[in-house]
Amino acid sequence: MPRMSALNADLHCHSILSDGTLTPEELAARAKANGVQLWALTDHDETGGQQRALAAAQQQKLPYLTGVEISVTFADETVHVVGLGFDPEDEALTQGLAGICGGRGPRAREMGEQLAAIGIAGAYEGALKYAGNPRLISRTHFARFLVETGVCRDTSEVFARYLTEGKPGFVPHRWARLSEAVRWITGAGGLAVIAHPARYKFTQIEEYALMTEFKALGGQGLEVVTGSHHPHEVRKYAEAAAEFGLAASRGSDFHSPQENHIDLGALPPLPAGLTPVWELLQERVR
Ligand code: AMP
Ligand code: MN
Ligand code: MN
Ligand code: MN
């Protein structure tokens, strides 16, 4: 076993149960082939893939932590909170996630209507075709449809032109409260982690408020190393983890072999001097 902090842990990725393109089984095999030593599948607002992921990980002899990525609204911005090592059958967690997913259908239909109003017809139906799980229709599925139909060259272009705040296909949405997401995760015996902190458009004060409030609510982790962090962002959030007394997580946020720049397990190591989240989760590894 390597040193705890040097473990090739990848604790953030998506399957067809949310907006990834691979099955839990394909992800487990890919993680193993890429040298991952501890894995978690973290579908958006959905734990329906956890049994499959665990079974596939066990078949690959790959240590596994249960995972989820919960959509939260904080200071009018969407923040993602990853939960790790919880009981996936927990009633309050399951109910809470069902409540979030319930809002996705109407939001998607409205996105379809807004896009139709600017001349892009059939986007809702088109996106639905890409959603492996109809409960979990997301902007990513719209993005794939707009690439397939030649409206844009790639998914980043779709987000930049159509699906982000102020753009014609963007529909504002209220997700869970930060307090709810942390309570559902910790109530189910898991550990809550702020995902990809550099991706939020917060002022310094808002970011400070997020970390302070998260910590006060019982949140314990910060994703310091993730697929979308530049080296200076890794350094910045390593310092933040130390400052706020948060453990550090590491996850690629892998969605698809076609769309991701960072593959499962292909991440830089955690910076020295941090407590890895998996050190706090040893009892929960399956
Ligand atoms: P939703 O939960 O429906 O709002 O969709 C959010 C998902 O869209 C994220 O989890 C990412 O997978 C994807 N996403 C968000 N922003 C971008 C972007 N700029 N480029 C590509 N994918 C993005
Ligand atoms: Mn996603
Ligand atoms: Mn995310
Ligand atoms: Mn993610």
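Look a little higher up for the structure.
Residues numbered from 1 in each chain as written. Chains lettered and ligands numbered in written order. Predicted model: local features only at pLDDT ≥ 70, side-chain atom pairs only at ≥ 80, totals over all residues. Heavy atoms only, no water.

(A) Highlighting the pairing of strand β3 (residues 67-74). Within β3, eight of the eight residues are buried, which leaves the element mostly enclosed by the surrounding structure. Burial of β3 is two-sided: the residues Gly67, Glu69, Ser71 and Thr73 facing one way and the residues Val68, Ile70, Val72 and Phe74 facing the other way are all buried. Taking the residues that link successive antiparallel strands as the turn, the β3-strand β4 (residues 77-84) hairpin has two residues, and the phi of alanine 75 there is positive, at about 50°. (Buried < 20%, exposed > 50% of the residue type's maximum accessible area, 1.4 Å probe, protein only. Helix = DSSP H or I, 4+ residues; strand = E, 2+ residues; numbered from the N terminus. Pairing = 2+ DSSP bridges.)

(B) Just the coordination of the manganese ion (ligand 4), in detail. Bound to the manganese ion (ligand 4) on the protein side are His12 (NE2), His14 (NE2), Glu69 (OE) and Asp253 (OD), at distances that span 2.1 to 2.2 Å. Counting residues between consecutive donors of the manganese ion (ligand 4) along the chain gives the motif H-x1-H-x54-E-x183-D. The metal-metal distance between the manganese ion (ligand 4) and the manganese ion (ligand 2) is 4.6 Å. The pair histidine 12 / histidine 14 is uniform in exposure class, with both members buried. (Donors = N, O, S within 2.8 Å, 3.2 Å for Na, K, Ca; no water.)

(C) Region of interest: the pairing of β4. Judged by how many residues are buried, β4 sits mostly within the fold: seven of eight residues are covered. Relative to β4, β3 runs antiparallel, the two being bridged by eight bridges. Residue pairing in the sheet places isoleucine 70 in a bridge with valine 81 of β4. Taken together, the four bridges between β4 and strand β5 (residues 191-194) define a ladder with antiparallel strand orientation. Note that in β5 the partner of leucine 84 across the bridge is leucine 191.

(D) Broad picture of the sheet that holds β5. Judged by pairing direction, the sheet is mixed, and its five strands sit side by side in the order β3-β4-β5-β6-β7 without closing on themselves. Each edge of the sheet is formed by a strand with only one pairing partner; in this case those strands are β3 and β7 (247-251). The mean angle between the axes of side-by-side strands here comes to 40°, regardless of whether they run parallel or antiparallel. (Axes fitted to C-alpha atoms, helices over the stretch in contact; angles between N-to-C directions.)

(E) Broad picture of the site of ligand 1. Close to ligand 1 lie Asp19, His44, Arg104, Arg107, Ser138, Arg139, Thr140, Phe159 and His255. The separation between an oxygen atom of ligand 1 and a polar side-chain atom of histidine 44 is 2.8 Å. Arginine 104 is positioned with one of its side-chain polar atoms (N or O) 3.0 Å from an oxygen atom of ligand 1. Here ligand 1, which alone exposes 500 Å², has 72% of that area covered by the protein. In terms of residue class, the shell around ligand 1 is made up of one nonpolar, four polar and four charged. No fewer than three residues from each of domain 1 (9-100 + 174-284) and domain 2 (104-163) sit in the shell around ligand 1. (Near = heavy atom within 4 Å. Polar contact = N/O pair within 3.5 Å; in protein donor to acceptor, adjacent residues only side chain to side chain. Areas by Shrake-Rupley, 256 points an atom, 1.4 Å probe, with all protein chains shown as cover. Nonpolar A, V, L, I, M, F, W, Y, C, P; charged D, E, K, R; others polar. Domains from an automatic or database assignment.)

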